[in-house]
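Survey of secondary and tertiary structure
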Amino acid sequence: MIFIILIGNSVSILSQNMPNVGNENWLGGNLSLKVNKHWEFRLENQFRYSIDDVRFDRNFTEFQIIEKVNDSFSWGISYRYIVKNHDFENIFQNYNRYNYFISQNWDFGFNNRFNLKYRFQYQRRRENFLNTNKFIGELRKFWRFKTTLSYNIKDWKFDPKLGIEFFVRGNNHPTDQFNKYRISIGTKKKVYKKQKISLKYIFEKQYKSWNPEVFHILAIKYNYQLKYQTKNHLNE
């Protein structure tokens, strides 16, 4: 009898610690406009869906303003409009997110082929479900710390890039919001003069002692860059 109870408790503990694993595709497009050597504007749209059941997860459109202060330091702000599918209510909910970030990067190594980039971001996103009182008015805040290391391989078009990012929740966070981290590996290829395609695998996991959410993500993004040469920029 005691043996059966111990087995039952062990199974219960293991089931609580088993992660909830999901697989997703992120398909995105990015249009950027460089006004001069300091200012850049970006417009991006991304569509996410679950590979497991081909279910729509979310779509967002984001507008960014970035200032490159010098060769290594930049800062920016962005606004993201999101449409998300919430399973428990079977509804699509619209909400907004605001981001503020700074970044710094260095080239080093033989012929400066290595590039190391740090990015620090603060974001705010308010949850506002229409048909329940559970999440109304709750504000999700994350501090995000990202490090990316890339290497420029001579005479090779698929330069590798490795990244790790930590999400730290803000104070007075919702009960279902947890810290998490992402590890990514990918590459980018120039397909035409102003066009690039990036491919990236992302592993994401919550810091949670019971049933943490784990995602395996394949992200594909198309990038198109424009340059508008202002008079001041041409005279420099």
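1. Digging into a positive patch on the surface
On the surface, Lys34, Lys68, Lys117, Lys161, Lys188, Lys190, Lys196, Lys200 and Lys227 cluster together to form a positively charged patch. Counting only elements with at least two residues in the positive patch, the list comes to β9 (180-192) and β10 (195-206). With respect to the helices and strands, lysine 190 occurs in strand β9.

2. Overview of unusual backbone geometry
With a phi angle near 55 degrees, asparagine 112 is a residue other than glycine that sits in the positive phi range. One can find asparagine 112 in the loop between β5 (91-108) and β6 (114-126). In this model, asparagine 172 sits at a positive phi of 55 degrees, which is unusual for a non-glycine residue. Assignment of secondary structure puts asparagine 172 in the loop between β8 (159-169) and β9. On the basis of relative accessibility, which here comes to 74%, the residue asparagine 172 falls in the exposed class.

3. Quick notes on the environment of lysine 84
Mapping lysine 84 onto the fold places it in strand β4 (residues 73-86). Sequence spacing of lysine 84 and asparagine 59 is 25 residues, and the spatial spacing of their C-alpha atoms is 6.6 Å. For lysine 84, the residues in contact, after removing those within four places along its chain, are Asp57, Arg58, Ile91, Phe92, Gln93 and Tyr95.

4. So, the packing of aromatic side chains
A ring pair, where both rings are aromatic, is described by two values, the distance of the centres and the angle of the planes. Under the counting rule described, the total for this entry stands at 18 aromatic pairs. With a centroid separation of 5.4 Å and an interplanar angle of 45 degrees, the aromatic rings of tyrosine 79 and tyrosine 98 are classed as tilted. Of this pair, tyrosine 79 sits in strand β4 while tyrosine 98 sits in strand β5; the two residues are 19 residues apart in sequence, bridging distant segments of the chain. You can call tyrosine 79 partly exposed: its relative accessible area is 33%. Residues tyrosine 181 and phenylalanine 203 carry aromatic rings whose centres are separated by 6.2 Å and whose planes lie at 50 degrees to one another, so their mutual orientation is tilted. Of this pair, tyrosine 181 sits in strand β9 while phenylalanine 203 sits in strand β10; the two residues are 22 residues apart in sequence, bridging distant segments of the chain. By relative accessible area, which is 18% here, tyrosine 181 ends up buried.

5. Considerations on the pairing of β4
For strand β3 (residues 55-68) and β4, the ladder comprises eleven bridges, and the chain directions are antiparallel. Bridge pairing links glutamate 67 to tryptophan 75 in β4. In textbook terms, the turn of a hairpin is the stretch between consecutive antiparallel strands, and for β3 and β4 this stretch comprises four residues. Note that β4 and β5 share 14 bridges and pair antiparallel. Bridge pairing in β5 places tyrosine 81 opposite asparagine 96.

6. Quick word on the sheet that holds strand β11 (residues 213-227)
On the basis of which strands lie adjacent, the closed barrel formed by eleven strands has the order β1-β2-β3-β4-β5-β6-β7-β8-β9-β10-β11 and mixed pairing. Taking the axes of each pair of neighbouring strands and ignoring which way they run, one obtains an average angle of 20 degrees across the sheet. Pairing of strand β1 (residues 20-34) with β11, which is carried by 15 bridges, proceeds in the parallel orientation. The partner of asparagine 20 across the bridge, within β11, is glutamate 213.

Procedures and definitions
- Residues numbered from 1 in each chain as written.
- Predicted model: local features only at pLDDT ≥ 70, side-chain atom pairs only at ≥ 80, totals over all residues.
- Heavy atoms only, no water.
- Patch = residues over 30% accessible without salt bridge, like charges linked within 9 Å, V, L, I, M, F, W, Y side chains within 5 Å.
- Areas by Shrake-Rupley, 256 points an atom, 1.4 Å probe, with all protein chains shown as cover.
- Salt bridge = Lys/Arg side-chain N within 4 Å of Asp/Glu carboxyl O.
- Lys, Arg positive; Asp, Glu negative; His and termini not counted.
- Charge placed at Lys NZ, Arg CZ, Asp CG, Glu CD.
- Helix = DSSP H or I, 4+ residues; strand = E, 2+ residues; numbered from the N terminus.
- Buried < 20%, exposed > 50% of the residue type's maximum accessible area, 1.4 Å probe, protein only.
- Contact = heavy atoms within 4.5 Å.
- Phe/Tyr/Trp six-rings, centres within 6.5 Å; stacked < 30°, edge-to-face > 60°.
- Pairing = 2+ DSSP bridges.
- Axes fitted to C-alpha atoms, helices over the stretch in contact; angles between N-to-C directions.

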